[in-house]
There are 2 protein chains.
Amino acid sequence: MQHTYAERVNHMENSAIRELLKVTEQPHVISFAGGLPAPELFPLSEIRESYTQVLGAGDHSVLQYGTTEGYLPLREVISAQMRAKGIQAEPENIFLTNGSQQGLDLIAKLFINPGDVVLLQSPSYLGAIQTFRSYQANFKSIPTNGAGIDDIALELSIKLNRPKIIYLAPTYQNPTGTTFTIEERKAVLRIASKYGVPVLEDDPYGELRYDGSALPAIRSFSTEDEVIYLGTFSKTLAPGLRLGWIVGGKNLIDKLVVAKKGTDLHTSTLLQRATHYYLTHFNATEHIETIRQAYKVRRDLMLNELKENFFDRAIWTEPNGGMFIWLTLPERYDTLDLLPKALAGNVAYVPGAHFFVNGGGCSSMRLNFSNPTPLQIKQGIKLLANILTID
Amino acid sequence: MQHTYAERVNHMENSAIRELLKVTEQPHVISFAGGLPAPELFPLSEIRESYTQVLGAGDHSVLQYGTTEGYLPLREVISAQMRAKGIQAEPENIFLTNGSQQGLDLIAKLFINPGDVVLLQSPSYLGAIQTFRSYQANFKSIPTNGAGIDDIALELSIKLNRPKIIYLAPTYQNPTGTTFTIEERKAVLRIASKYGVPVLEDDPYGELRYDGSALPAIRSFSTEDEVIYLGTFSKTLAPGLRLGWIVGGKNLIDKLVVAKKGTDLHTSTLLQRATHYYLTHFNATEHIETIRQAYKVRRDLMLNELKENFFDRAIWTEPNGGMFIWLTLPERYDTLDLLPKALAGNVAYVPGAHFFVNGGGCSSMRLNFSNPTPLQIKQGIKLLANILTID
């Protein structure tokens with residue numbers, strides 16, 4: 001029997017990238033392609049202790065069905081963390097998800113009719129593009145002026161395209177690592193509010209800061225439904241847990257409850273209880289500081305290796321945080337065409353074109369520095385420079 | 001800012017039932033309303049040991065991102081379990097989900113265009129109705145002849161309604177507890193294949209058998225894409241873990257990978273690894289036998305109490321397995337109207353009308369016997385009988 005799928009299936013990602021990335025998982029390949037944290041930094045023993053404790057307390061409810069919005073004490077801890085960052089959020093404004101990818105999916109499910117316009121940065125996060133695309137969204141991209149966002153272009157695009165939602169990752173963005181200034185953040189909120197378009201602020205990397213001072217979330221300038229904020233434990237604790245959260249107005253949270261109930265009922269009770277134990281019994285701040293120091297070393301090393309090996313043959317971003325550097329070669333290079341050659345030379349990256357919805361990025365690539373070891377960074381960038389020279 | 005949601009939000013469940021069920025969670029209410037397992041039977045110490053072991057082995061990959069289709073060794077164990085039940089399934093035919101509710105959602109996402117017809121039993125599982133409804137499906141229901149399914153009515157409905165998919169729970173169904181015979185199962189497959197309509201076979205309760213011999217899944221008569229099978233650990237292990245699976249053809253699994261990747265990337269790595277440990281180090285069959293024995297006592301007790309307290313004032317199903325009894329009062333009763341009175345009298349049920357897509361079930365109710373204790377069953381059925389007499 002041949003299945004006849006729904007129309008939206010035609011808008012889902014083809015698996016070319018997935019097939020390619022499987023190659024990068026082979027042990028002899030130095031991969032700058034993934035977006036993975038360094039596994040050796042996971043707080044394995046603290047998480048183990050957390051699970052052991054909540055499963056050892058004789059409380060059977062840790063394995064029972066739970067509420068769809070999430071375990072209240074955990075939402076309380078997260079709302080306190082949010083307030084400490086200047087984001088107004090009571091526990092009833094916090095909604096728990098299976099990683100922030102599910103936050104993206106639920107927001108797309110609630111907002112996007114086929115044909116609705118999503119306005120986003122160019123380049124933008126691949127996972128968000130794929131999710132919105134599966135709901136048959138149209139995309140319009142906002143020109144970025146090197147680092148942040150051009151407010152005049154944003155306003156013009158809103159006027160022209162009447163988007164349903166604006167998707168932004170203003171802090172240490174994936175794939176470029178670039179960041180909005182405070183003025184740009186305020187401008188985004190002002191313009192979006194003026195036209196009544198909600199902003200979806202995706203902030204997986206905010207805690208991974210290596211230079212400068214903490215930047216306020218766009219949501220911190222808003223107490224209303226103008227900004228929906230996505231957070232995650234994937235980059236600060238561990239992605240294999242699958243736990244993220246949405247900050248939103250109460251009306252939105254009510255809708256999210258209904259949407260998630262039909263999607264998967266609720267996020268694992270045990271996961272929520274163990275994470276709550278971790279956050280209230282261990283020093284998460286100290287752990288994040290450990291990650292920061294390690295990633296800063298890797299970022300500095302990659303920037304240095306790029307300088308030594310590419311000097312005047314490419315340009316690249318110098319991110320203050322996050323996991324990625326965005327490298328752009330002269331226009332005659334096509335990073336999609338070059339990838340098989342790189343893989344044959346045992347080094348991998350993600351071609352830039354994947355992050356653009358309306359073309360572009362063909363001579364760029366995304367390089368990850370959080371997962372490879374310092375030695376791999378040194379070797380891999382040299383390999384990459386040699387391959388690109390041979391071409 | 002007022003949000004403008006997508007059209008599908010208008011098709012999502014209103015929260016009347018949810019508000020009602022919150023009342024049933026109050027400790028003084030004896031609730032037959034939920035569909036919860038008995039928490040005191042959860043294998044707490046074995047699950048604890050499983051998490052402690054996989055987090056204690058020094059393998060950091062238990063907390064890293066994982067593959068979307070799921071952890072291969074766990075898919076191998078599940079495929080062996082499926083084969084032991086006569087279902088042809090290699091590991092590549094197994095796809096892991098966050099409970100079988102996510103299986104329902106992903107299948108609906110892949111198959112249902114707005115307006116597509118879903119054919120289902122009448123009554124049918126509320127969670128499936130809600131999920132399909134959120135994808136703007138239309139419903140046609142198949143008359144059930146008391147217990148199973150009428151093959152003539154099924155064929156007629158397929159001819160008339162050209163459904164996109166047929167959703168069935170043939171074994172100890174929620175809400176009625178009724179079951180298809182082997183002949184009915186074979187007839188469903190024959191008719192569905194004849195018209196090229198895939199069957200979605202939902203089987204959360206198959207292992208909870210109290211009488212008679214094991215019934216083969218409809219999928220066991222098919223090796224192709226004609227039947228998509230949904231399984232779950234929620235009823236045999238614990239629902240708070242959130243782990244289920246889909247059995248399907250390779251083409252379907254490929255589509256599921258793309259759909260789930262955009263939905264939440266993958267199911268928790270740690271959860272999968274710990275469940276694999278549990279299944280390979282503890283005696284799951286023995287544990288299920290313990291649950292069976294306890295639930296059989298509760299079912300027998302509820303049936304007995306119904307006989308003593310309702311004798312000729314109602315009819316009810318006598319399920320051979322599962323978690324539910326379906327009670328039908330004389331037509332003049334409306335179980336939706338009666339519910340506030342029942343709650344005031346400290347006993348709760350789910351009104352039958354909720355399980356019907358095109359009207360009906362007004363004088364019926366669903367009664368759960370797995371979650372209440374034997375004492376609560378005795379007291380609660382008496383309370384219910386008194387309330388219905390007073391009316």
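Rules used throughout
Within each chain, residue numbers correspond to sequence positions counted from 1 in written order. Labels follow written order: the first chain is A, the first ligand is 1, and so on. Where totals are concerned, whole chains, interfaces and linings use all residues; where local detail is concerned, this predicted model gives features only for residues with pLDDT of at least 70, and gives and counts side-chain atom pairs only at 80 or more. For the side-chain quantities, the full set of heavy atoms in the structure was used; hydrogens and water were omitted. Under the scheme used here, helices are H or I runs from DSSP no shorter than 4 residues and strands are E runs no shorter than 2 residues, and both carry numbers assigned from the N terminus. For the radius of gyration, the atoms used are the C-alpha atoms, and the globule rule reads 2.2 Å times the number of residues raised to 0.38. Only protein chains enter the accessibility calculation, which uses a 1.4 Å probe; a residue is then buried when its area is under 20% of its type maximum, exposed when over 50%, and partly exposed in between. Every residue pair with non-hydrogen atoms within 4.5 Å of one another is taken to be in contact. Only the protein chains shown count as cover for residues, with accessible areas throughout obtained via the Shrake-Rupley method and a probe of 1.4 Å. In this count, Lys and Arg are taken as positive residues and Asp and Glu as negative ones, while His and the chain termini are left out. Here the site of a charge means NZ on Lys, CZ on Arg, CG on Asp, or CD on Glu. Each axis is a line fitted through C-alpha atoms, and for a helix only the stretch in contact is used; angles between axes span 0 to 180 degrees, taken between their N-to-C directions. By definition in this entry, angles of less than 35 degrees are roughly parallel, angles greater than 145 are roughly antiparallel, angles of 65 to 115 are roughly perpendicular, and the rest are oblique. Crossing handedness is read from the near helix: turned anticlockwise from the far helix by less than a right angle, it gives a left-handed crossing, and turned clockwise, a right-handed one. In this classification, the charged set is Asp, Glu, Lys and Arg, the nonpolar set is Ala, Val, Leu, Ile, Met, Phe, Trp, Tyr, Cys and Pro, and all remaining amino acids, among them Gly, are polar. Two strands are counted as paired when DSSP detects at least two bridges linking them. The source of the domain bounds is an automatic or database domain assignment. Using a 1.4 Å probe, buried area is obtained as the accessible area two parts lose upon being combined, added over both of them. Here, a salt bridge means any side-chain nitrogen of Lys or Arg that lies within 4 Å of a carboxyl oxygen of Asp or Glu. Distance and chemistry together define a polar contact, namely a pair of N or O atoms within 3.5 Å, with one atom able to donate a hydrogen and the other to accept it when in protein, and with adjacent residues in sequence counting only for side-chain atoms on both sides. Residues below a pLDDT of 70 in either copy are left out; the C-alpha atoms of the rest, at least 70 in both, set the least-squares superposition of the copies. Definitions used for this entry: grid spacing 1 Å over protein atoms alone; cavity, a set of points where a 1.4 Å probe fits but cannot get out; pocket, an open set with protein on both sides within 12 Å along at least 5 of 7 lines; lining residue, one with an atom within 4 Å of a point. Grid points are joined across faces, edges and corners, and a volume is the space filled by probe spheres set on the points. To estimate how far a helix should extend, the number of its residues minus one is multiplied by 1.5 Å.

1. A word on the overall build of chain A
In step 1: When helices and strands are counted, chain A shows twelve helices and 13 strands.
In step 2: Taken over the C-alpha trace, chain A has a radius of gyration of 21 Å; the compact-globule value for 391 residues is 21 Å, and the two agree within 12%.
In step 3: If one aligns the C-alpha atoms of chain A with their principal axes, the spans along those axes are about 60 × 60 × 50 Å.
In step 4: Sorting the 391 residues of chain A into buried and exposed places 63% on the buried side.
In step 5: Pairs at least 24 residues apart make up 76% of the contacts formed inside chain A by residues separated by at least 6 positions.
In step 6: Of the roughly 14100 Å² of accessible surface on chain A, a fraction of 51% belongs to carbon and sulfur atoms.
In step 7: Looking at chain A, you have 37 positive and 40 negative side-chain charges, and the mean spots of the two groups are 2 Å apart.

2. Here's the deal with the packing of helix H6 (residues 151-161) of chain B against helix H7 (residues 182-195) of chain B
Residues and elements named next belong to chain B.
In step 1: Direction vectors running N to C along H6 and H7 enclose 20°, while the axes themselves pass 10 Å from each other. Overall, the two elements H6 and H7 adopt an arrangement that is roughly parallel. Between H6 and H7 the crossing geometry is right-handed. Across from Asp 151, Leu 154, Glu 155, Ile 158 and Lys 159 in H6, the residues of H7 making contact are Ala 187, Val 188, Arg 190, Ile 191, Ala 192, Lys 194 and Tyr 195.
In step 2: Looking at side-chain class alone, the contact of H6 with H7 contains seven nonpolar, no polar and five charged residues.

3. Notes on the sheet that holds strand E8 (residues 244-247) of chain A
Residues and elements named next belong to chain A.
In step 1: Read from one edge to the other, the open sheet built from seven strands follows the order E2-E8-E7-E6-E5-E3-E4, with strand pairing classed as mixed. For this open sheet the edge positions go to strand E2 (94-97) and strand E4 (138-142), each flanked by a neighbour on one side alone. The sheet shows a mean angle of 25° between the axes of neighbouring strands, direction not considered.
In step 2: As paired strands, strand E3 (residues 117-121) and strand E5 (residues 165-168) are joined by three bridges and run parallel to one another.

4. Observations regarding the domain arrangement of chain A
Residues and elements named next belong to chain A.
In step 1: According to the domain assignment, chain A consists of domain 1 (7-43 + 286-390) and domain 2 (44-281).
In step 2: Across the boundary between the two partners, domain 1 contributes 33 residues, which contact 36 residues of domain 2.
In step 3: Between domain 1 and domain 2, the buried area comes to about 3100 Å², and carbon and sulfur atoms account for 61% of it.
In step 4: Looking at the side of domain 1 facing domain 2, the largest losses of area belong to Pro 43, Arg 292 and Val 357, adding up to 22% of the total buried there.
In step 5: Residue Lys 296 is joined to Asp 211 by a salt bridge in which the shortest nitrogen-to-oxygen separation is 3.3 Å.
In step 6: In this assembly, domain 1 and domain 2 are joined by 16 residue pairs in polar contact (both at pLDDT 80 or more).
In step 7: Among the elements of the structure, helix H10 (284-310) and strand E10 (324-328) are those that each provide at least two residues to the side of domain 1 that touches domain 2.
In step 8: Residue contributions to the side of domain 1 that touches domain 2 peak at seven residues, all from H10.
In step 9: Grouping the constituent residues of the side of domain 1 that touches domain 2 by class yields 17 nonpolar, nine polar and seven charged.

5. Describing the sheet that holds strand E12 (residues 350-351) of chain A
Residues and elements named next belong to chain A.
In step 1: Reading across the sheet, the four strands line up as E9-E10-E13-E12 and stay open at both edges, with antiparallel pairing between neighbours. The sheet terminates laterally at strand E9 (315-316) and E12, the two strands that pair on one side only.
In step 2: One ladder, built from two bridges, connects E12 with strand E13 (residues 364-368); its direction is antiparallel. Pairing of Pro 351 across the sheet is with Met 365, part of E13.
In step 3: Here H10 sits on the sheet and contacts E9, E10 and E13; the angle it forms with E10, its principal contact strand, is near 15°.

6. Quick notes on the relation of the copies chain B and chain A
In step 1: Expressed as a screw transformation, the operator carrying chain B onto chain A has a rotation angle of 180° and an axial translation of 0.0 Å, and the superposed copies differ by an RMSD of 0.0 Å. In the structure described here, the two chain copies are related by an operation that fits a two-fold rotation axis. Scanning chain B for the C-alpha nearest the rotation axis identifies B:Thr52, at a separation of 3.0 Å.
In step 2: Mapped onto chain A, 100% of the interface residues of chain B again fall at the interface, so both copies present the same surface.

7. Focus: the pattern of salt bridges
All names here are of chain A.
In step 1: Under the definition given, this model contains 37 salt bridges over all chains.
In step 2: With its nearest N and O atoms 2.5 Å apart, the salt bridge here joins Asp 59 to Arg 273. Of the two residues, Asp 59 sits in the loop between helix H2 (44-56) and helix H3 (72-84) while Arg 273 sits in helix H9 (residues 269-281), which places them 214 residues apart along the sequence.
In step 3: Across the pair Glu 90 and Arg 83 runs a salt bridge whose closest N-O atoms are separated by 4.0 Å.
In step 4: Salt bridges sharing common partners tie together Lys 85, Asp 203, Glu 207, Glu 289 and Arg 292.

8. A few points about the interface of chain B and chain A
Often, the extent of an interface is quoted as the loss of accessible area upon association of its parts.
In step 1: Across the contact, 79 residues belong to chain B and 79 residues belong to chain A.
In step 2: Both sides of the chain B and chain A interface together cover about 7000 Å² of buried area, and 61% of this is carbon and sulfur.
In step 3: Linking chain B with chain A are two salt bridges, by the criterion used here.
In step 4: Across the salt bridge formed by A:Lys109 and B:Asp105, the nearest N and O atoms sit 2.8 Å from each other.
In step 5: Mapped by element, the contributors of at least two residues to the side of chain B that touches chain A are helix H2 (44-56), helix H4 (99-111), helix H5 (126-134), H7, helix H8 (250-264) and helix H9 (269-281) of chain B.
In step 6: If one sorts the elements of the side of chain B that touches chain A by residue count, H8(B) sits on top with ten residues.

9. Remarks on empty space enclosed by the protein
In step 1: Following the criterion strictly, the structure yields seven cavities of 30 Å³ or more and no others.
In step 2: Volume-wise, the largest cavity comes out at about 130 Å³.
In step 3: What lines the largest cavity is a set of 17 residues, among which A:Ser268, A:Leu271, B:Leu241, B:Ser268 and B:Leu271 lie closest to the centre.
In step 4: The set of elements that each furnish at least two residues to the lining of the largest cavity consists of H9 of chain A together with H9 of chain B.
In step 5: Among the residues making up the lining of the largest cavity, the classes are represented as eight nonpolar, seven polar and two charged.
In step 6: If you add up the space inside the second largest cavity, you get close to 70 Å³.
In step 7: Together, A:Lys109, A:Val258, A:Ala259, A:Lys261, A:Gly262, B:Met12, B:Glu13, B:Gln130, B:Thr131 and B:Ser134 line the second largest cavity.
In step 8: Where the lining of the second largest cavity is concerned, the elements lending two or more residues are helix H8 (250-264) of chain A together with H5 of chain B.

10. Side note on the pairing of strand E6 (residues 199-202) of chain B
Both faces of the sheet carry side chains from a regular strand, because those side chains alternate between them.
All names here are of chain B.
In step 1: Here E6 shows two buried faces, one formed by Val 199 and Glu 201 and the other by Leu 200 and Asp 202.
In step 2: With three bridges joining them, strand E5 (residues 165-168) and E6 adopt parallel strand pairing. By the bridge assignment for E6, Tyr 167 is matched with Leu 200.

11. A few points about H2(B)
Quick reminder: α-helices carry 3.6 residues per turn. Residues three or four places apart thus point the same way.
In step 1: In this model H2(B) runs 18 Å from its N-terminal to its C-terminal C-alpha over 13 residues, within 8% of the 18 Å that 1.5 Å per residue would give.
In step 2: Among the residues of H2(B), B:Leu44, B:Ile47, B:Ser50, B:Tyr51, B:Thr52, B:Val54 and B:Leu55 are the ones counted as buried.
In step 3: Tucked inside the fold, the buried residues of H2(B) contact H2 and H9 of chain A together with H9 of chain B.
In step 4: Backbone geometry just after H2(B) places B:Gly58 at a positive phi near 75°.

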